[in-house]
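Spelled out from the first residue to the last, the chains are:
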Amino acid sequence: VFALDFDSPLSDDVTTGATLLSNAYTQIVGVSDEETKSEYCPADYAFDNDDNTLWHSHYNGGATGYPHSVTFTRTDSAAVSGMTLYTVATRAKKYHPVCVTVEQSDDNVTWETLDKEHRFLYTPRPSVRFAAPATKRYVRLTFTASAEGNTLMAINDIKLDGQQRETKDKETAKLSFVACS
C-alpha cells in the first residue's frame, strides 16, 4: 500500500541533493506576456513567494495564446535542477500549464535546450525535474500547453530547486599572522 501526496511543497530531494532555492536571488529579465491592465498580474508575481498573487498571461484586448515564457537570472551561483508550480486549485483547470521547455544561455541571445516539451501532471503543485540542470547565467521557462487546451495561463508561484555551486573565479584567501612588537 502506498499513497501519493500531490499537495506537498518542494523539500530536500534525497536522490539528487537538490534543495529549495530562495527566490530572493531570482531576477526577471524577460517575459513573453503578462496581464497588467485588467488586473495587475506581472511575471514577477510568480517568484514573489506569495500564493495570493499570480502571473497571468495577457488577455486585455485579446488573449495572447501559448507559448508563455519567462526569462530569469540568479544572483547567486546555484544550479537550477527543477521547479514546483503553485497554482490555485479553485481556479479553472484551463489556466494550468502542463508542459514546459527549459533553456539556458550565457548571453540571453544564444539558447541551449535542457528539457524540451516536458509534460507534467495537472495538480495544484506539480514538480518538474529538468533533464539537465541550468548552470548558465540565464534560464528561460517556456510553457507550451494548458490542461484543457486553453490560451490563458495563471501561475501563483514558481519555486526553484537545485544546488549552490562554487564559482570558478573565486580565489582562496590566505591569512597570516605577523607579530608586531
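A brief structural summary. Note that the coordinates shown come from a computational prediction; the quantities given were computed from them, not determined experimentally.

### Focus on the overall build of the chain
Phase 1: Looking only at helices and strands, the chain has 0 helices and 11 strands in total.
Phase 2: Starting at the N terminus, the α and β elements of the chain follow one another as β-β-β-β-β-β-β-β-β-β-β.
Phase 3: With 181 residues in all, the chain has 41% of them scored as buried.
Phase 4: Taking contacts inside the chain between residues at least 6 apart in sequence as the whole, the part at least 24 apart equals 76%.

### Digging into unusual backbone geometry
Phase 1: A cis amide bond links Tyr-66 to the next residue, Pro-67, at an omega of 5°.
Phase 2: The phi dihedral of Asn-108 falls on the positive side, at around 65°, and the residue is not glycine.
Phase 3: Note that Asn-108 resides in the loop between strand E6 (97–105) and strand E7 (112–119).
Phase 4: For Glu-117, which is not glycine, the phi torsion reads 50° and is therefore positive.
Phase 5: With respect to the element layout, Glu-117 can be found in strand E7.

### Notes on the packing of aromatic side chains
Phase 1: Enumeration according to the criterion identifies 3 aromatic pairs in this entry.
Phase 2: Here Tyr-40 and Tyr-45 contribute two aromatic rings whose centre-to-centre distance is 5.8 Å and whose plane-to-plane angle is 80°, an arrangement assigned as edge-to-face.
Phase 3: You can call Tyr-40 exposed: its relative accessible area is 53%.
Phase 4: Aromatic pair Phe-47 and Phe-72: ring centres 5.5 Å apart, planes at 50°, arrangement tilted. Of this pair, Phe-47 sits in the loop between strand E2 (26–31) and strand E3 (55–56) while Phe-72 sits in strand E4 (residues 68–74), placing them 25 residues apart in sequence.

### Focus: the pairing of strand E11 (residues 157–163)
Phase 1: In terms of burial, E11 is a largely internal element, 6 of the 7 residues being buried.
Phase 2: Note that strand E1 (residues 19–20) and E11 share 2 bridges and pair antiparallel. Across the sheet, Leu-20 pairs through a bridge with Asp-161, a residue of E11.
Phase 3: Summarising the sheet, strand E5 (residues 79–86) and E11 pair through 7 bridges and their orientation is antiparallel. Looking at E11, one finds that Val-80 is bridged to Gly-162.

### Quick word on the sheet that holds E2
Phase 1: Across the sheet, 5 strands lie side by side as E2-E4-E9-E6-E7; this open sheet has antiparallel pairing. Whereas interior strands pair on both sides, the edge strands pair on one side only; in this sheet they are E2 and E7. Pairs of neighbouring strands in the sheet enclose a mean axial angle of 20°, with direction left out of account.
Phase 2: Where E6 meets strand E9 (residues 138–146), 8 bridges bridge the pair, whose relative direction is antiparallel. Its bridge partner lying in E9, Thr-101 is registered against Thr-142.

### Points about the pattern of salt bridges
Phase 1: What the rule picks out here adds up to 6 salt bridges.
Phase 2: Across the pair Arg-74 and Asp-76 runs a salt bridge, and its minimum N-O distance is 2.8 Å. Accessibility classification places Arg-74 together with Asp-76 in one group, the buried group.
Phase 3: One salt bridge connects Arg-129 with Asp-161, and the closest N-O pair in it is separated by 3.0 Å. Note that Arg-129 is positioned in strand E8 (residues 127–134) and Asp-161 in strand E11, a separation of 32 residues in sequence.
Phase 4: On the basis of relative accessibility, which here comes to 31%, the residue Arg-129 falls in the partly exposed class.
Phase 5: The exposure class of Asp-161 is buried, given its relative accessible area of 1%.

Here is what the cut-offs are and how they apply
Residues numbered from 1 in each chain as written. Predicted model: local features only at pLDDT ≥ 70, side-chain atom pairs only at ≥ 80, totals over all residues. Heavy atoms only, no water. Helix = DSSP H or I, 4+ residues; strand = E, 2+ residues; numbered from the N terminus. Buried < 20%, exposed > 50% of the residue type's maximum accessible area, 1.4 Å probe, protein only. Contact = heavy atoms within 4.5 Å. Phe/Tyr/Trp six-rings, centres within 6.5 Å; stacked < 30°, edge-to-face > 60°. Pairing = 2+ DSSP bridges. Axes fitted to C-alpha atoms, helices over the stretch in contact; angles between N-to-C directions. Salt bridge = Lys/Arg side-chain N within 4 Å of Asp/Glu carboxyl O.

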